[in-house]
Amino acid sequence: MSDGPQLATTRADLAAARALMRGPVVLAPTMGALHDGHARLLGAARTLAGPPGSVIVSIFVNPLQFGPNEDLDRYPRTLDADLAICARERADLVFAPTAAEMYPGGRPEVTVDPGLAGQRFEGEFRPGFFGGVLTVVLKLLHLTRPAIAVFGQKDAQQLALVRRMITDLNLDVVIEPVPTVRDPDGLAISSRNRYLSAADRAVALALPRALLAGHAAARGGADAVLAAARGVLAVQPALDVDYAALVDPGTFGPAAPGPALLVAAARAGRTRLIDNVALVLPAEGAGDAAHH
Ligand code: AMP
């Protein structure tokens, strides 16, 4: 039985611990309030690091990615419980800095521009979000110098943009995606789910149901997928839908035949949910043929 991960709260402590670490080093960036989805992420990191390697979990609620009317102050912070989960998943080091430690000069002048794909969907509903995300991910990669970093497929647009940043800025790290973990009722697990009342949760379930219906209609083509998903959403008007769309998994532009993502975001009560499902769209015309 190990006695749990080492905790570093300053860049200096992180650098000292990192210098002694054995590779491969795997980084799992999080905002804390860890749940079973994060546990899967940490488990994947542990497997990728192997017995000789090291797992670093970062826990940082990044102010740069929250809009002025978002839930920065309300975001759950549960460090003791998080450390217990990191111990259970055999992480070696937890880096949990303060905002002042990450941004000693306040808001940084120089940030990462997420480009066109960062303005679509989440970027449209949360202006500045992906610039904040990519900036902190880049900083964390520099501070921890991992061989591998793990990201959840639940945040598919974030995953796509991180990969694009790695390519466009020539970063020397492998990005490993981790499948979305769901509760038994189908809802993708999220730190924000704890704000859902029982009634909100019943409303929220229309989101995974819509994705499932869209997925089941994939052989009928793009129009059939969207009609099926929107049909499910329409019977739950209490769910306030920001978007439901079929996109190319890399660019988040319009989907083409082949691998695609059905992405959706909606609000149940005051809680905003995002989710997605991967599917394969048939070649042009094949969808119509499937109906005859
Ligand atoms: P967060 O703490 O919400 O910023 O998430 C940290 C990482 O965990 C991100 O890469 C997320 O995509 C991933 N993650 C969050 N929820 C889940 C889930 N339900 N299943 C798998 N990965 C998740």
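Residues numbered from 1 in each chain as written. Predicted model: local features only at pLDDT ≥ 70, side-chain atom pairs only at ≥ 80, totals over all residues. Heavy atoms only, no water.

Formed by 34 residues in total, the largest nonpolar core has its most connected members in Val137, Leu141 and Ile175. Looking at this core, the elements that each hand over two or more residues are helix 1 (11–19), strand 2 (25–30), strand 4 (93–95), helix 6 (129–144), strand 5 (148–152) and helix 7 (156–168). With nine residues, helix 6 is the largest single contributor of residues to this core. Discounting chain neighbours no more than four positions away, the residues touching Leu141 are Leu27, Pro146, Ala149, Ile166, Leu171 and Val173. Counting 26 residues, the second-largest nonpolar core is a separate cluster that includes Leu226, Leu246, Ala264 and Leu281. (Core = buried A, V, L, I, M, F, W, Y, C linked by side-chain atoms within 4.5 Å. Buried < 20%, exposed > 50% of the residue type's maximum accessible area, 1.4 Å probe, protein only. Helix = DSSP H or I, 4+ residues; strand = E, 2+ residues; numbered from the N terminus. Contact = heavy atoms within 4.5 Å.)

As a further point, take the environment of Lys154. Take Lys154: it is sitting in the loop between strand 5 and helix 7. Separated by 28 residues in sequence, Lys154 and Arg182 place their C-alpha atoms 9.7 Å apart.

Let us look at the domain arrangement of the protein chain. Here the protein chain is partitioned into domain 1 (6–178) and domain 2 (191–287). When domain 1 packs against domain 2, the two sides together hide about 1900 Å² of surface, and 51% of this comes from carbon and sulfur. When the buried surface of domain 1 facing domain 2 is broken down by residue, Arg74, Phe121 and Phe125 rank first, second and third, together holding 32% of it. The interface formed by domain 1 and domain 2 holds two salt bridges in total. (Domains from an automatic or database assignment. Buried area = accessible area lost by both parts, 1.4 Å probe. Salt bridge = Lys/Arg side-chain N within 4 Å of Asp/Glu carboxyl O.)

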